[in-house]
Amino acid sequence: MSIVDRVLSTTQRCGHVLLVEDDAEVRRAVRRLMVGQGYRVTEAGTTAQALVALSQEPIEVVVLDLHLPDGSGLDLLSRIGTAPAPPGVVVLTASDDGRDMREALRRGAEAYLRKPVDALTLEAQVSLALTRSRVPRAQAAASNAAAALETEADPAELGRLLQQLPLNLASQLSHAWDLRHVETGAHVRRMGESARQLALALGVPDAAASRLGRVAMLHDIGKIAIPDAILTKPGRLTTEEFEIMKRHSELGEALLNGSGHPFLDLAAKVARSHHERWNGTGYPDGLVGEACIWEARLVGVVDVYDALAQTRCYKPGWPRERIVDFFAAERGKSFDPEMTDGLLSIVARLELVKSQHPDPLSPDAVSVVRLKVEPVSRWIAAELDGAGSSSVPGVR
């Protein structure tokens, strides 16, 4: 096995999960699920047992209850976060207290799930937490491997390593996206093609436009870590719920950042900034005008167009005429004038993209059930291989 394959294999094996739960029946059910997916599982019924397990073995993911017989899961979460290479933490609790959710996320939890939880959601969140916990380890391994390769004077092997590792990490993230089923594959493909079409209309060369389309496909990957109760809530989000929803931009950046690969570095910046607005009313940084990078402004405009055009569990789709009027009114306000003009010049092409990639589920079905549809990872991986409400209505 080459050194490249050894490094990449560290991101492909199922990991070691510590299950911290005082209810034996819940422990049995979660253990059965995790073992069935190939994970190694260690159990703990108290915080004391959990701390012993964490001190004795390398744990990559902790599935954590908040209410334990000898202490608070939140306190344990804080202690876990001080470790040099902390594991990812998925909170699994019966608590419906919004304060617990906010505090768990503030202290570093990857996700907050309420009991009872469906197996698919738990599996997806553990997969995501595993991926995030392995990113720094994989990057360190890649750095060590690169140093070894330089010593061995094998630049071809070094180049292969540096090229394949970030793409492998992106593939894992998109696989977690599939399990979480945040968006349909149709939405992701519409975003990719629509961003490419707008870039071409603005004079971007074909290769660079295609690259930006691939970047656009990852713009909302941070939503993997947002609770279902918020993602699928019909109607307006409360102020507190919207604050949690807004975290997906920063979470997306964290998931994609740090590889040193130009594609993923750009995708991380777009994930963070695609909800910024020309007049500074966006999030998370309130950037004004060209302080937001050009690629994020382009993806943001396309994202708004697609969100307004599609029916979602929290809103009906808008007709084409209403969308055009909206963008004309917001030109130079919410949206970059250049982007707006370009978008309005290709509305017919965007409508064609919409007709070619319709959402596979009916609006009613989308709001009440998550079904497995055409995998997002298949499309993202193929592209990679080739290379409350917000201030805008209907957009989360």
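What you see is a predicted model; the values in this text were computed from it and never measured. (Residues numbered from 1 in each chain as written. Predicted model: local features only at pLDDT ≥ 70, side-chain atom pairs only at ≥ 80, totals over all residues. Heavy atoms only, no water.)

Student: Please explain the pairing of strand S6 (residues 88-93) as it appears in this structure.
Tutor: Here is the key point about a regular strand: its side chains alternate between the two faces of the sheet. Where burial is concerned, most of S6 is hidden: six out of the six residues are buried. Going residue by residue along S6, you find Gly88, Val90 and Leu92 tucked away on one face and Val89, Val91 and Thr93 tucked away on the opposite face as well. Of the pairings in the sheet, the one linking strand S3 (residues 61-64) to S6 comprises four bridges and is parallel in character. Residue pairing across strands places Val62 opposite Val89, the latter belonging to S6. Bridge analysis of S6 against strand S7 (residues 111-114) gives four bridges, and the strand direction is parallel. In the strand pairing of S7, Thr93 is matched with Arg114. A crossover connection joins S6 to the parallel S7 through helix H5 (residues 98-106); in handedness this β-α-β unit is right-handed. (Buried < 20%, exposed > 50% of the residue type's maximum accessible area, 1.4 Å probe, protein only. Helix = DSSP H or I, 4+ residues; strand = E, 2+ residues; numbered from the N terminus. Pairing = 2+ DSSP bridges. Right-handed = clockwise from strand over helix to strand, strands pointing away.)

Student: Would you explain the side chain of Asp303 in this entry?
Tutor: In this structure, Asp303 sits in helix H13 (residues 294-309). A distance of 3.3 Å separates the side chain of Asp303 from the side chain of His219, its partner in a polar contact. (Polar contact = N/O pair within 3.5 Å; in protein donor to acceptor, adjacent residues only side chain to side chain.)

Student: Quick question: what am I supposed to make of the packing of aromatic side chains here?
Tutor: Aromatic ring pairs are defined here through the distance separating the ring centres and the angle between the ring planes. Inspection of every chain in the model, using the stated rule, returns six aromatic pairs. Summarising the aromatic geometry, the rings of Phe326 and Phe335 are spaced 6.0 Å apart at their centres and angled 75° between planes, so their arrangement reads as edge-to-face. Among the aromatic residues, those joined into a ring-pair cluster are Tyr305, Trp318, Phe326, Phe327 and Phe335. One Lys or Arg, Arg322, reaches over the ring of Trp318 and ends 3.7 Å from the middle of that ring. (Phe/Tyr/Trp six-rings, centres within 6.5 Å; stacked < 30°, edge-to-face > 60°. Lys NZ or Arg CZ within 6 Å of the ring centre and 35° of its normal.)

Student: For this particular structure, what's the right way to read H13?
Tutor: Because each turn of an α-helix spans 3.6 residues, side chains separated by three or four positions in sequence point in the same direction. Over its 16 residues, H13 extends 23 Å from the first C-alpha to the last, a length consistent with the 22 Å expected when each residue adds 1.5 Å. Where burial is concerned, most of H13 is hidden: 14 out of the 16 residues are buried. (Expected span 1.5 Å × (residues − 1).)

Student: Would you mind showing me how to read the pattern of salt bridges here?
Tutor: A side chain of one charge can pair with a side chain of the opposite charge if their charged atoms are brought near each other. Inspection of the entire model under this criterion finds 19 salt bridges. Note that Arg107 and Asp75 form a salt bridge whose closest N and O atoms lie 3.5 Å from each other. Of this pair, Arg107 sits in the loop between H5 and S7 while Asp75 sits in helix H4 (residues 73-81); the two residues are 32 residues apart in sequence, bridging distant segments of the chain. Classification of Arg107 by relative accessible area gives partly exposed; the value is 25%. Classification of Asp75 by relative accessible area gives partly exposed; the value is 46%. As a salt-bridge pair, Arg196 and Glu193 come within 3.0 Å of each other at their nearest N and O atoms. In this pair, Arg196 and Glu193 are both assigned in helix H8 (residues 185-201), three residues apart and thus about one turn of the helix distant. By relative accessible area, which is 22% here, Arg196 ends up partly exposed. Using a relative accessible area of 22% as the deciding quantity, one classes Glu193 as partly exposed. Connected through shared salt-bridge partners, Asp75, Glu103, Arg106 and Arg107 make up one network. (Salt bridge = Lys/Arg side-chain N within 4 Å of Asp/Glu carboxyl O.)

That is the geometry; function is a separate question.
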